[in-house]
Amino acid sequence: MSPGPDVPGTAPRAGGAPSGPGAEPPAPVLEARGLTHAFGAKPVLRGVDLRVDDGEIVGLVGPNGSGKTTALRILHRELVPDAGQVLLEGRDLGGYAGRERAQRIAVMAQEISGEVPLTVADVVLLGRIPHSGTFGSTSDADLQIAARALEDCGALHLARREFGLLSGGEKQRVLIARALAQQPRLLLMDEPTNHLDIGSQHHVLRIVRAKNLATIVVLHDLNLAARYCDRVVVLADGHVQSKGPPRVALAAHLVSATYGVAAERAMADDGITQFLFRGQEPEHGSSTPATSAIPFTKTPTVGATPPADTAQETTDDAHR
Ligand SMILES: Nc1ncnc2c1ncn2[C@@H]1O[C@H](COP(=O)(O)OP(=O)(O)OP(=O)(O)O)[C@@H](O)[C@H]1O
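Right, let's walk through the structure included here. No experiment lies behind these values; they were computed from the predicted model shown.

### A look at the packing of aromatic side chains
For the structure on display, the rule yields 1 aromatic pair. Here the aromatic rings of Phe275 and Phe277 are separated by 5.7 Å at their centres, their planes lie at 10°, and the arrangement is stacked. The residue whose ring lies beneath Arg91 is Tyr96, and the NZ or CZ to ring-centre distance is 3.9 Å.

### Points about the packing of helix α5 (residues 168-181) against helix α6 (residues 198-211)
As a packed pair, α5 and α6 sit with axes 11 Å apart at the nearest point and diverge in direction by 10°. For the element pair α5 / α6, the angle class is roughly parallel. Residues Arg173, Ile176 and Leu180 of α5 touch α6, and the partners they reach there are Ser200, His203, Val204, Ile207 and Lys211. Of the residues in the contact of α5 with α6, the class split is 4 nonpolar, 2 polar and 2 charged.

### A closer look at the pairing of strand β11 (residues 261-267)
The pairing of β11 with strand β12 (residues 273-279) spans 7 bridges and is antiparallel. Across the sheet, Ala262 pairs through a bridge with Arg278, a residue of β12. Hairpin remark: β11 followed by β12, antiparallel, with 5 residues in the connecting loop; positive phi at Gly271, about 85°.

### Some words on the pattern of salt bridges
Going through the model one piece at a time under the given rule, you end up with 15 salt bridges. One salt bridge connects Arg209 with Asp230, and the closest N-O pair in it is separated by 3.1 Å. You can see Arg209 sitting in helix α6 and its partner Asp230 sitting in the loop between α7 (222-228) and β9 (231-236), a full 21 residues away along the chain. Exposure remark for Arg209: the relative accessible area of 10% places this residue in the buried category. Overall, the relative accessible area of 0% leaves Asp230 in the buried class. Between Arg227 and Asp270 there is a salt bridge, with its nearest N and O atoms 2.5 Å apart. Of the two residues, Arg227 is situated in helix α7 and Asp270 in the loop between β11 and β12; the sequence distance between them amounts to 43 residues.

### Overview of the site of the ligand
Among the 13 residues in the neighbourhood of the ligand, the closest are listed as Lys42, Gly65, Lys68, Thr69 and Thr70. With respect to the ligand, the side chain of Asn64 contributes an N or O atom lying 3.0 Å from an oxygen atom. Take Thr70: an N or O atom from its side chain is 2.5 Å from an oxygen atom of the ligand. When isolated, the ligand has an accessible area of 630 Å², and the protein chains bury 62% of it. Of all the secondary-structure elements, those providing two or more residues to the shell around the ligand are β2 (42-52) and α1 (68-75). Looking at which element gives the most residues to the shell around the ligand, the answer is α1, with 3 residues. By residue class, the composition of the shell around the ligand is 3 nonpolar, 7 polar and 3 charged.

### Structural notes on the environment of Ala106
Among the structural elements, Ala106 can be located in strand β6 (residues 105-108). A C-alpha to C-alpha distance of 8.0 Å links Ala106 and Arg185, two positions 79 residues apart in sequence. Residues contacting Ala106, with those up to four places away along its chain left out, are Ala179, Gln182, Pro184, Leu186, Leu187 and Leu188.

### Looking at the packing of helix α4 (residues 140-152) against α5
In the contact formed by α4 and α5, the axes pass within 8 Å of each other and the chain directions differ by 140°. When the axes of α4 and α5 are compared, the pair comes out oblique. Seen along the crossing, α4 lies across α5 with a hand that is right-handed. Judged by residue contacts, Ile145, Ala146, Ala149 and Leu150 of α4 engage Val174, Ala177, Leu180 and Ala181 from α5. Of the residues assigned to the contact of α4 with α5, the class counts are 8 nonpolar, no polar and no charged.

Parameters at a glance
- Residues numbered from 1 in each chain as written.
- Predicted model: local features only at pLDDT ≥ 70, side-chain atom pairs only at ≥ 80, totals over all residues.
- Heavy atoms only, no water.
- Phe/Tyr/Trp six-rings, centres within 6.5 Å; stacked < 30°, edge-to-face > 60°.
- Lys NZ or Arg CZ within 6 Å of the ring centre and 35° of its normal.
- Axes fitted to C-alpha atoms, helices over the stretch in contact; angles between N-to-C directions.
- Helix = DSSP H or I, 4+ residues; strand = E, 2+ residues; numbered from the N terminus.
- Parallel < 35°, antiparallel > 145°, perpendicular 65-115°, else oblique.
- Contact = heavy atoms within 4.5 Å.
- Nonpolar A, V, L, I, M, F, W, Y, C, P; charged D, E, K, R; others polar.
- Pairing = 2+ DSSP bridges.
- Salt bridge = Lys/Arg side-chain N within 4 Å of Asp/Glu carboxyl O.
- Buried < 20%, exposed > 50% of the residue type's maximum accessible area, 1.4 Å probe, protein only.
- Near = heavy atom within 4 Å.
- Polar contact = N/O pair within 3.5 Å; in protein donor to acceptor, adjacent residues only side chain to side chain.
- Areas by Shrake-Rupley, 256 points an atom, 1.4 Å probe, with all protein chains shown as cover.
- Left-handed = near helix turned anticlockwise from the far one by under 90°.

Have a look at this one:
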């Protein structure tokens, strides 16, 4: 199916690019053309086009394994595609030095790795590194920007806490604050609402909405996508299945076909489209694979010691 032309979105916006009769449309903050990538022999992206304008939130949705994270990795050059081009503010992304790129693109990490226990303030100040001087010293301006970012995310009170000891929801807010402290032109987020309770999911996306930044966000929850995104790009098996404002890209029949569920749309009190889902029975009977299709063999049972983690599980079970 052809996804058709990109149509400007309709979700509420805090501002955005100037428009009007005769106005020249501004260049997208980021544009990707024909992204194509395979891991080994497995094609994962097949000619994906994407763009995000200033002040716009674009939701990248699609079933598991459809290529969303791979696309996001390409958009900040963690991964170089087999074919296709990414333009950041009209310039090929490959032509930017790493530091220049980091000054413009913030990626909201899922976690912070490392052995050293960092405070929340340390974590947010990491976002200032692409902007800091030759010796990486922290200026008063950096401290103010970091504090403001934490405040915007409702997390200033956590500043002195050890990051690793925070709850999942607290960590998410701090990681958004870090991305905002980077003062990027483009914000990339991979499932920022993962593990969050419903109130925190909305809180996180409201923070992003209020920042009025060009943002591409991978989301699984189509109701959040419909509510917070100006436009949505639906990936399915590495293709763009549909794209446009949520009411267009997330038409019920498209959602049903893409996810294999019965989807109905309803209108919330505030006029935003929301979905109701009913799972569908698998078309071909039981999900148990035929024995001949199982791609591994049984381990011997007589006298065999189970692997350590299996043994642990069994022991734990005994105490439940
Ligand atoms: N580094 C890699 N090496 C090999 N295969 C990979 C690699 N990264 C991803 N894949 C495969 O590429 C496909 C797309 O993965 P990707 O993570 O982009 O999907 P996704 O849409 O983000 O999925 P999900 O919704 O489950 O997070 C999957 O089949 C995955 O197994």
